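Topology and contacts: notes
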Amino acid sequence: MRLSSKRVGAVIAAAAVCFGAACVQRSPATKPPKPVPIVRPPPGAVGIAATGAAAIAAPQTAQPGQPPSQITEADVRAYVSSHRVPGTIQATNVRILSATLVANQQVSSALGTPRIDVSDQQPMWVVLLSGKFTFSGPPRASAVFPYAVEVFNARTGQLMQYGGLGRAPRITAR
Amino acid sequence: MELTPVSLTSGDIFIDDEGWLIDYFSPSPGSAMSWVETGIDNTNPIYYGGTGTTYYFWAYGLNYGSPGGVFMEYPLGAVSPSDISHGNWIAFEIKQHPKKPATYGVTISEAASGTPLYTESCASCSMTPNTILEGQELAGSSNAQAPLAFFSYNSSIAGSTTTIQSGDGTVTAAHPPNAGWFPGNKPSETSNGGMFFTDCC
């Protein structure tokens, strides 16, 4: 199977490539809705917490008096082992290096990446992988990463963050 | 920009509608590139036999192509079915912090009311953006689908000044995905930044 990345765009510049025979231009038949002037949120307004994208099935709800249920390391490793790293258009020699349970506030400091928009104490599974990972980016973006990471909300199983890293992070269990 | 979110079907990798604020190789050719992006995405979590869900996201690439480079994406949450069915306009803004040049804020909000949906930020996204891009990105080999999505109030922000796009820029379309300025609605023909469309496949 041939995998490719294509983009269409406007405003300043965009690159696009067409593979295959079905490259037929179409014109939209639908009348567009009337645009509305953008009202900016008031200064300091805050949006809702992130819930991520569907990934691992959520654990069963805990019984009253029991600690909240969480997905297990086995759940995380099984999922990551059986699914492509999201967003990669190519991934080879993939190997799971670690699966570590940390509080959300530790994720950004360990990875050196922006904070996930949930509470600081939210438990997260951080999975670090090695291999050769190619992600899609804007036109002319080209990079192969030696490390990839996937971060899951331990309570919901939702995927909260993923991507490629040029250098290995240090992740310590809480 | 504002966008009418649609229900995307990812096929075997992903499809999205989005905007990028890009630093193309500054300060000189050969330098790494960096960017911040936001929009709606359907990245198939199953890839083979599944369709995934359409969710809001933001992402960034920093020093992309250099040894210390990073690319990270943050799925934020599912797009409301009512926003899709009603063709509601959702605004996406990427803006440099006025006092912290390396910080870029990403705001996703209801365009008509200003109600924020998500407010995110990258505090270490040091870059000198020189390009704005919007449109659809498709990765994969089969089964992706995307109904018509529209982009309008296409604008650039410099400091506290917002300038609505008046030039027609450069349009490319791979067919698939399909894209272009809606007839009679180029930025040079309107006062609202034009009406761009995408669809697939």
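Keep in mind it's a predicted model, so treat the numbers as computed, not measured. (Residues numbered from 1 in each chain as written. Chains lettered and ligands numbered in written order. Predicted model: local features only at pLDDT ≥ 70, side-chain atom pairs only at ≥ 80, totals over all residues. Heavy atoms only, no water.)

1. Overview of the overall build of chain A
- Counting its secondary structure elements, chain A contains 2 helices and 5 strands.
- Helices (α) and strands (β) of chain A occur, in sequence order from the N terminus, as β-α-β-α-β-β-β.
- Buried positions account for 47% of the 174 residues belonging to chain A.
- In chain A, of all internal contacts separated by at least 6 residues, the share reaching a separation of at least 24 is 61%. (Helix = DSSP H or I, 4+ residues; strand = E, 2+ residues; numbered from the N terminus. Buried < 20%, exposed > 50% of the residue type's maximum accessible area, 1.4 Å probe, protein only. Contact = heavy atoms within 4.5 Å.)

2. Points about the interface of chain A and chain B
- On the chain B side, the residues contacting the 81 residues of chain A number 90 residues.
- Buried surface at the junction of chain A and chain B, both sides included, amounts to about 6,800 Å², of which 60% is carbon and sulfur.
- Between the two partners, chain A and chain B, sit 1 salt bridge.
- One salt bridge connects Glu93 of chain B with Arg40 of chain A, and the closest N-O pair in it is separated by 2.4 Å.
- Linking chain A with chain B are 17 residue pairs in polar contact (both at pLDDT 80 or more), by the criterion used here.
- When residues of the side of chain A that touches chain B are traced back to their parent elements, those giving at least two are strand 1 (4-11), strand 2 (88-103), strand 4 (145-153) and strand 5 (159-165) of chain A.
- For the side of chain A that touches chain B, the element with the most residues is strand 1 of chain A, which contributes 8 residues.
- Bridge analysis of strand 5 of chain A against strand 6 (residues 70-78) of chain B gives 4 bridges, and the strand direction is antiparallel. Bridge assignment links Gly163 of chain A to a residue of strand 6 of chain B, and that residue is Met72 of chain B. (Buried area = accessible area lost by both parts, 1.4 Å probe. Salt bridge = Lys/Arg side-chain N within 4 Å of Asp/Glu carboxyl O. Polar contact = N/O pair within 3.5 Å; in protein donor to acceptor, adjacent residues only side chain to side chain. Pairing = 2+ DSSP bridges.)

3. What to know about the packing of aromatic side chains
All names here are of chain B.
- In the structure shown here, the tally under the stated rule is 14 aromatic pairs over all chains.
- A ring pair is formed by Tyr24 and Phe25, whose centres lie 5.5 Å apart and whose planes are at 45°; its orientation type is tilted.
- Pairing Trp35 with Tyr64 gives two aromatic rings, centres 4.7 Å apart and planes at 65°, and the pair type is edge-to-face. Of this pair, Trp35 sits in strand 4 (residues 33-43) while Tyr64 sits in strand 5 (residues 55-64); the two residues are 29 residues apart in sequence, bridging distant segments of the chain. (Phe/Tyr/Trp six-rings, centres within 6.5 Å; stacked < 30°, edge-to-face > 60°.)

4. Topic: helix 2 (residues 104-111) of chain A
All names here are of chain A.
- Residues of helix 2 that are buried: Asn104, Val107, Ser108 and Leu111. Each buried residue of helix 2 lies within a common arc of 85° when the element is viewed along its axis, so the set occupies one face.
- On its buried face, helix 2 is in contact with strand 2, strand 3 (123-135), strand 4 and strand 5.
- Downstream of helix 2 by a residue or two, Gly112 has a phi angle that is positive, lying close to 70°. (Arc of directions from axis to C-beta.)

5. Some points on empty space enclosed by the protein
- A full pass over the atoms with the stated rule returns 2 cavities of 30 Å³ or more.
- Considering only enclosed or pocket space, the largest cavity measures out at about 90 Å³ in volume.
- Considering the residues around the largest cavity, the lining is formed by 13 residues, among which Ser136 of chain A together with Phe14, Phe71, Glu73 and Glu137 of chain B are closest to the centre.
- Sorting the residues of the lining of the largest cavity by element identifies strand 3 (14-23), strand 4 and strand 6 of chain B as the ones contributing at least two each.
- Partitioning the lining of the largest cavity into residue classes produces 4 nonpolar, 3 polar and 6 charged. (1 Å grid on protein atoms, 1.4 Å probe; cavity = no way out; pocket = protein on both sides within 12 Å on 5 of 7 lines; lining within 4 Å. Points joined across faces, edges and corners; volume = space filled by probe spheres on them. Nonpolar A, V, L, I, M, F, W, Y, C, P; charged D, E, K, R; others polar.)

6. Structural notes on the nonpolar core
- Val36, Tyr56 and Tyr60 of chain B are the most contacted members of the largest nonpolar core, which has 51 residues in total.
- The next biggest cluster of nonpolar side chains, apart from the first, holds 34 residues, and it includes Val76, Leu101 and Phe133 of chain A together with Ala59 of chain B. (Core = buried A, V, L, I, M, F, W, Y, C linked by side-chain atoms within 4.5 Å.)

7. Section: the layout of surface pockets
- Within this model, the largest pocket holds a volume of roughly 1,200 Å³.
- As for the largest pocket, its lining consists of 46 residues, of which Arg40 of chain A together with Glu93, Ile94, Lys95 and Ile157 of chain B are closest to the centre.
- Contributions of two or more residues to the lining of the largest pocket are made by strand 3, strand 7 (90-96), strand 8 (104-110), strand 9 (116-122), strand 10 (131-140), strand 12 (155-158) and strand 13 (161-164) of chain B.
- Considering only residue class, the lining of the largest pocket consists of 23 nonpolar, 18 polar and 5 charged.

8. Here we look at the state of the cysteines
Residues and elements named next belong to chain B.
- For the structure shown, the criterion picks out 2 disulfides over all chains.
- Between Cys122 and Cys125 runs a disulfide, and the two sulfur atoms are separated by 2.0 Å. Taking the sign of the S-S torsion, 85° for the link of Cys122 and Cys125, the bridge is right-handed. Both residues of the pair, Cys122 and Cys125, belong to the buried class.
- Sulfur-sulfur distance for the disulfide between Cys200 and Cys201 comes to 1.6 Å. Since a negative S-S torsion denotes a left-handed disulfide, the Cys200-Cys201 link at about 70° is right-handed.
- A relative accessible area of 45% means that Cys201 is categorised as partly exposed.
- Counting only the cysteines that form disulfides, in the order they appear in chain B, gives the pairing 1-2, 3-4. (Disulfide = S-S within 2.5 Å.)

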